[in-house]
Amino acid sequence: MSALGYYLESEGIPTVQISLVREHTEALAPPRALWVPFMLGRPFGVPGDAGFQRRVLLAALQLLEREAGPLIEDFIEDAPHEEVGGPPEGLACPVSFPRPASDGTAEDRFAAEVSQLTAWHDVALRYRGRTMTGLTGLAPDALFRYLVDWLGSSPPAPFRDGFTPGQALKLATDEMKAFYYEAKAVQPGSHSAGEINDWFWLHTAAGEVFLALREMARQSTDVTLKGLATGSLVPRAADAALDASARGRA
Amino acid sequence: MVRLADLPESERQHLLARVPTLPAFPGRPWVSGPALANRRVAIVSTAGLHLRSDRPFASGAAGSDYRVIPGDVDAADLVTSHASVNFDRSGMQADVNVAFPLDRLKELASEQQIGSVAAFHYSFMGAVSPITAYEREARALAGLLKQDAVDAVLLSPV
């Protein structure tokens, strides 16, 4: 982010940036930065809270009126909560046709989860009026099939022309995770980002399949899978949570 | 949350380990401008955002290009293809303004707290290393911003 600020300002465009990692911003010293104490991914603090977002935005923009820099100011107000919203009110209960609960393979349980969560994702779509899925062009059941086919004897063909196998698998995993997260966020109860992460990585068959996909990528000779093997599939925080969970069971 | 001290140790160490790898840019560019109420503001994000119909970002240095986000974009058309999985996406899924505050910017313009909102906004994908890989596209983007009479850029990371 600071590099973009440096290049744009060098070309004559005044810039101000939000800083999420103060140590990086201090090292790069961009012209103007507002450091905020929010989680990575939420530079304006709180989803659905226009007033809070507005305070952050104005605090940042007002730095444009300073007379000298470089400068880093702190936004000292913590985000009041980390929830992504509770269940919508006034919506009918979702009609769902889940497969029978299964103690079978991870693939069987993954299929059952996708089937069940489809109803909740429909609720999310009605509630939010938007989704960040839809980039692969695959419906959830087709996305499921595409992912589990990677664990078979031969990798599936990319679902879109011009994609490498690694690009296609990366988009598919990100999309399946977005489908899970969006569906979970509207289920009854209050859900923070951390709780949804723990649910996905510690308690779903999808999480198990993702870990198997990472292992597959590690074993593969396909260089386009390298990123998935090393870090673009399983978050570092998820690995830490999985390790802690394993230690707790030991 | 989320000061480095609050992060899991592995995440904290990863972020701190990047500090000595960051480049030292020569000089300290500083461009002044009019009062905020007279500025035309564009958002440049590194959230890997783009329209659903756009080409997704590539990984590695090939991903140092940008996507154009029209000022009249419908939030329902925005998706992300960011390479990193180490930041929260649940917030953006619920409300894209938490990372790309276009609605808030339009509100400030209607209240005349800023002059106007740019016709176009832009998103890079912030997982490119080294960060100097952005130079060519960023410098070219400055020309487009000037054509749009932009004199304030809000840089928004994830």
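Everything numeric here is computed off the predicted structure, so don't read it as measured data.

When helices and strands are counted, chain A shows ten helices and three strands. Going from N to C terminus, chain A has its helices and strands arranged as α-β-α-β-α-β-α-α-α-α-α-α-α. C-alpha extents for chain A along the principal axes are approximately 65 × 50 × 45 Å. Of all 250 residues assigned to chain A, the portion counted as buried reaches 44%. In chain A, the share of contacts with a sequence separation of at least 24, taken over all contacts with a separation of at least 6, comes to 61%.

Moving on: the interface of chain A and chain B. The interface is formed by 72 residues belonging to chain A together with 72 residues belonging to chain B. For the side of chain A that touches chain B, the elements supplying multiple residues, two or more each, are α1 (2-10), β1 (15-19), α2 (22-28), α3 (50-61), α6 (165-185), α7 (193-203) and α10 (236-249) of chain A. Tallying contributions element by element places α1(A) first for the side of chain A that touches chain B, with eight residues. Looking at side-chain class alone, the side of chain A that touches chain B contains 43 nonpolar, 17 polar and twelve charged residues. Summarising the sheet, β1(A) and strand β7 (residues 152-156) of chain B pair through three bridges and their orientation is parallel. Considered in β7(B), the bridge of Val16(A) is made with Leu154(B).

This part takes up unusual backbone geometry. In this chain, Gly69(A) is followed by Pro70(A) through a cis amide linkage whose omega measures 10°. The topology assignment puts Pro70(A) in the loop between α3 and β3 (71-74). In the Ramachandran plot, Ala29(A) falls in the positive-phi region, its phi being about 45° despite a non-glycine side chain. Its place among the elements puts Ala29(A) in the loop between α2 and β2 (32-35). For Ala29(A), a count of 17 C-beta atoms within 10 Å corresponds to the partly exposed category. A positive phi is found at Gln112(B), a non-glycine position, where the angle reads about 60°. Along the polypeptide, Gln112(B) turns up in the loop between α3 (102-110) and β5 (116-117).

So, on to helix α4 (residues 106-128) of chain A. Its 23 residues give α4(A) an end-to-end C-alpha distance of 30 Å, which sits within 8% of 33 Å, the value for a rise of 1.5 Å per residue. Most pronounced at Thr118(A), the bend in α4(A) amounts to some 35°. Those residues of α4(A) lying buried are Phe110(A), Glu113(A), Val114(A), Leu117(A), Trp120(A), His121(A), Val123(A), Ala124(A) and Arg128(A). Along its buried surface, α4(A) packs onto α5 (140-149), α6 and α8 (205-219) of chain A together with α2 (90-94) of chain B. Backbone geometry just downstream of α4(A) places Gly129(A) in the positive-phi region, at approximately 75°.

Often, the extent of an interface is quoted as the loss of accessible area upon association of its parts. Along its sequence, chain A is organised into domain 1 (2-74) and domain 2 (106-249). Summarising the inter-unit geometry, the C-alpha centres of domain 1 of chain A and domain 2 of chain A are found 32 Å apart.

Looking now at the nonpolar core. Of all hydrophobic cores here, the largest spans 112 residues; its most connected members are Leu4(A), Ala60(A), Leu147(A) and Val153(B). Looking at which element gives the most residues to this core, the answer is α6(A), with eleven residues. Here this core spans two domains, since at least three of its residues come from each of domain 1 (2-74) and domain 2 (106-249) of chain A. Apart from the residues within four sequence positions on either side, Ala60(A) is in contact with Val16(A), Ile18(A), Leu34(A) and Leu154(B).

Let us now look at the environment of Leu40(A). Within the secondary structure, Leu40(A) sits in the loop between β2 and α3. Judged by local crowding, Leu40(A) falls into the buried class, with 21 C-beta atoms found within 10 Å.

A few words now on the packing of α6(A) against α7(A). Residue and element names in this part refer to chain A. The contact between α6 and α7 brings their axes to 11 Å, and the two run at 125°. Relative to α7, α6 is oriented oblique. The chirality of how α6 crosses α7 is right-handed. Contacts from Lys177, Tyr180, Tyr181, Lys184 and Ala185 in α6 reach Ile196, Trp199 and Phe200 in α7. A breakdown of the residues in the contact of α6 with α7 according to their chemical character gives six nonpolar, no polar and two charged.

Thresholds, definitions, all that
- Residue positions are counted from 1 within each chain, in the order its sequence is given.
- Written order determines the labels here, with chains lettered from A and ligands numbered from 1.
- In view of the model being predicted, local features appear only for residues whose pLDDT reaches at least 70, and side-chain atom pairs are presented and counted only at 80 or more, with totals across whole chains, interfaces and linings using the full set of residues.
- Labels follow the DSSP assignment, with helices taken as runs of H or I lasting at least four residues and strands as runs of E lasting at least two, numbered in each case from the N terminus.
- Any residue with 12 or fewer other C-beta atoms within 10 Å of its own C-beta is exposed, any with 20 or more is buried, and the rest are partly exposed; the C-beta atoms used are placed from the backbone.
- Once C-beta atoms have been placed from the backbone, residue pairs whose C-beta atoms lie within 7 Å are recorded as contacts.
- Residue type decides the class: Asp, Glu, Lys and Arg count as charged, Ala, Val, Leu, Ile, Met, Phe, Trp, Tyr, Cys and Pro as nonpolar, and the leftover types, Gly among them, as polar.
- Strand pairing is defined by DSSP finding a minimum of two bridges between the two strands.
- Under the convention used throughout, the expected extent of a helix is 1.5 Å for every residue step, that is, one less than its residue count.
- The bend reported for a residue corresponds to the angle between axes fitted to the seven residues ending at that residue and the seven starting there.
- Domains are outlined according to an automatic or database domain assignment.
- The nonpolar core is taken to be a set of buried Ala, Val, Leu, Ile, Met, Phe, Trp, Tyr and Cys residues joined by way of C-beta atoms within 7 Å.
- Helix axes are fitted to C-alpha atoms over the stretch in contact, other axes to C-alpha atoms as well, and angles between N-to-C directions run from 0 to 180 degrees.
- With respect to orientation, any angle under 35 degrees is reported as roughly parallel, any angle over 145 as roughly antiparallel, any angle of 65 to 115 as roughly perpendicular, and every other angle as oblique.
- With the far helix as reference, a near helix turned anticlockwise by less than a right angle produces a left-handed crossing, and one turned clockwise produces a right-handed crossing.

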